[in-house]
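What the coordinates show
For reference, the chains in residue letters:
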Amino acid sequence: MTQAVPTHTVEPVALPEGVPGIVADWSSDQRAFKNVPWGKAMMWIFLLSDTFIFSSFLISYMTVRMSATEPWPNPSEVFALTLFGRNIPMILIAIMTFVLISSSGTMAMAVKFGYEKNKRITFILLLITAALGATFVGMQAFEWSKLIHEGVRPWGNPMGAAQFGSSFFMITGFHGTHVSIGVIFLIIVAIKVIRGDLDHQRPGFLTGRKGNYEMVEIMGLYWHFVDLVWVFIFAVFYLW
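These notes cover the structure that comes with them. None of these values were measured; they are calculated from a predicted model.

Once that is clear, we can look at the overall build of the chain. When helices and strands are tallied, the chain shows eight helices and two strands. The secondary structure elements of the chain, listed N-terminal to C-terminal, are α-α-α-β-β-α-α-α-α-α. By the burial criterion, 40% of the 240 residues in the chain qualify as buried. Considering only contacts in the chain between residues 6 or more positions apart, those separated by 24 or more positions represent 68%. Carbon and sulfur atoms make up 68% of the accessible area of the chain, which totals about 14,100 Å².

This is how it looks when you write it as structure tokens:
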């Protein structure tokens, strides 16, 4: 006569309700964050918060422009340059956009060669990316000086609606600050790559795990985000 083997059933643990329950569920998952470096996770969180800020700026700009009582300046005329005796609209903005988008390509190549542990090529591509970013900031500084010389201020604008100046300096200045910070960090990472800090995990700033070039990828996430934001600024502010 055989005896029935008792079975033990494990009752599921009740999770808290709301946001604490979601946090508890994800934090206990063995797959969601497995082998994910903290630097990459924190960069995604930072980019998400930055997305909200830039979205607020652009939505505020659209709201201000649609509610302005005075005529809004024509971007094709405001951002035109006189070259070879001809007035060419948006030429500087087009070159700036081309330079910044090109830097995304060199950044993507730097990430590729970084994970192949090709220090020399990664170093060169990071420096090229930083140079393109610095070129963009330099052209933006020229654009600022041109408009300031023409009388545009954050509190006034001789070409039409006074809100134009505040919107322009706020949006482009905030984005230009991001690009400038990115250029500095790209140079720092490039120096660490060529010195071999990422191979030997030398203690210091922006080093990461030994033999892993994830820091280059994290910088790539930031740089691609900055480039993507400029596409929206270009479409909403300059082409509208």
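Picking up where we left off.
Turning our eyes to something else, we now look at the side chain of Q140. Inspection of the secondary structure assignment puts Q140 in helix α5 (residues 119-149). Residues contacting Q140, with those up to four places away along its chain left out, are M96, T172, G176 and W230.

All right, on to a nonpolar patch on the surface then. On the surface, I101, L228, V231 and F232 cluster together into a nonpolar patch covering about 350 Å² of accessible area. With three residues, the single largest contributor to the nonpolar patch is helix α8 (residues 214-238). Tracing the backbone shows V231 in helix α8.

All right, on to the pattern of salt bridges then. Tallying each qualifying case throughout the model produces five salt bridges. For K112, the salt bridge goes to E116, with nearest N and O atoms at 2.8 Å. On the basis of relative accessible area, K112 is assigned to the partly exposed category, the value being 43%. Judged by its relative accessible area of 47%, E116 falls in the partly exposed class. The closest approach of N and O atoms between D197 and K192, which form a salt bridge, is 3.7 Å. Residue D197 is classed as buried on the basis of its relative accessible area, which comes to 0%.

Note: strand β1 (residues 80-83) against strand β2 (residues 86-89), four bridges, orientation antiparallel. Residue pairing for β2: A80 is matched across the bridge by P89. Linkage of β1 to β2, two consecutive antiparallel strands, is achieved through a turn of two residues, within which F84 is found at a positive phi near 55 degrees.

Quick look at the nonpolar core now. Core analysis: the largest hydrophobic core is formed by 56 residues, its most contacted members being F79, L126, V216, W230, I233, F237 and Y238. Going through the elements one at a time, α2 (38-67), α4 (91-115), α5, α6 (163-195) and α8 are the ones with two or more residues in this core. The element best represented in this core is α8, accounting for 16 residues. Those residues within four positions of W230 in sequence are excluded, and the remaining contacts are I93, M96, T97, L100, F136, Q140, H175 and Y238.

Conventions used here
Residues numbered from 1 in each chain as written. Predicted model: local features only at pLDDT ≥ 70, side-chain atom pairs only at ≥ 80, totals over all residues. Heavy atoms only, no water. Helix = DSSP H or I, 4+ residues; strand = E, 2+ residues; numbered from the N terminus. Buried < 20%, exposed > 50% of the residue type's maximum accessible area, 1.4 Å probe, protein only. Contact = heavy atoms within 4.5 Å. Areas by Shrake-Rupley, 256 points an atom, 1.4 Å probe, with all protein chains shown as cover. Patch = residues over 30% accessible without salt bridge, like charges linked within 9 Å, V, L, I, M, F, W, Y side chains within 5 Å. Salt bridge = Lys/Arg side-chain N within 4 Å of Asp/Glu carboxyl O. Pairing = 2+ DSSP bridges. Core = buried A, V, L, I, M, F, W, Y, C linked by side-chain atoms within 4.5 Å.

Remember that the coordinates give geometry; whether it matters functionally is a separate question.
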